Amino acid sequence: MDKEAIKKELIDKSNDILTKYSEPDVVEDISVMNMSAKTVFLGSLKIFNTEIVPNVIKDLNRQLKGYGELIVRDQRVTPCCSPSYIHISFNITIKN
């Protein structure tokens with residue numbers, strides 16, 4: 001398994017989804033957790049337009065499900081000094 005290639009593909013696919021919906025955020029990195037029996041890739045996106053959240057989640061599920069076990073979560077974030085957004089996180093578990 002080429003972890004760096006998978007990481008790059010996940011970053012590219014995440015950014016393609018953000019671009020598709022004209023979101024200003026950019027995914028710069030994906031975290032990788034290496035364990036003896038599995039590898040977990042962790043990523044997140046900021047979505048400012050709450051109306052598109054269901055579509056973004058659908059696109060993530062469709063684009064990323066082929067890598068391994070996929071979990072997608074979303075949570076509203078309301079910072080004190082900037083616009084609120086939806087934080088969408090995903091993790092993909094691939095057995096070694």
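Just so it is clear, the model here is predicted, and its values are computed rather than measured. (Residues numbered from 1 in each chain as written. Predicted model: local features only at pLDDT ≥ 70, side-chain atom pairs only at ≥ 80, totals over all residues. Heavy atoms only, no water.)

Attention shifts here to the overall build of the chain. Within the chain, the regular secondary structure consists of two helices and four strands. Going from the N terminus to the C terminus, the chain shows its helices and strands as α-β-β-α-β-β. Since a compact globule built from 96 residues should have a radius of gyration of about 12 Å, the 14 Å found for the chain is in line with a globular shape. Based on the C-alpha atoms only, the size of the chain along its principal axes is roughly 40 × 25 × 20 Å. Counting all 96 residues of the chain, 36% fall into the buried class. For the chain, restricting intrachain contacts to residue pairs at least 6 apart in sequence, the fraction spanning at least 24 positions comes to 58%. Split by element, the accessible area of the chain, about 5900 Å² in all, is 48% carbon and sulfur. For the chain, the centre of its 13 positive side-chain charges and the centre of its 13 negative side-chain charges are spaced 6 Å apart. (Helix = DSSP H or I, 4+ residues; strand = E, 2+ residues; numbered from the N terminus. Rg over C-alpha atoms; globule rule 2.2 N^0.38 Å. Buried < 20%, exposed > 50% of the residue type's maximum accessible area, 1.4 Å probe, protein only. Contact = heavy atoms within 4.5 Å. Areas by Shrake-Rupley, 256 points an atom, 1.4 Å probe, with all protein chains shown as cover. Lys, Arg positive; Asp, Glu negative; His and termini not counted. Charge placed at Lys NZ, Arg CZ, Asp CG, Glu CD.)

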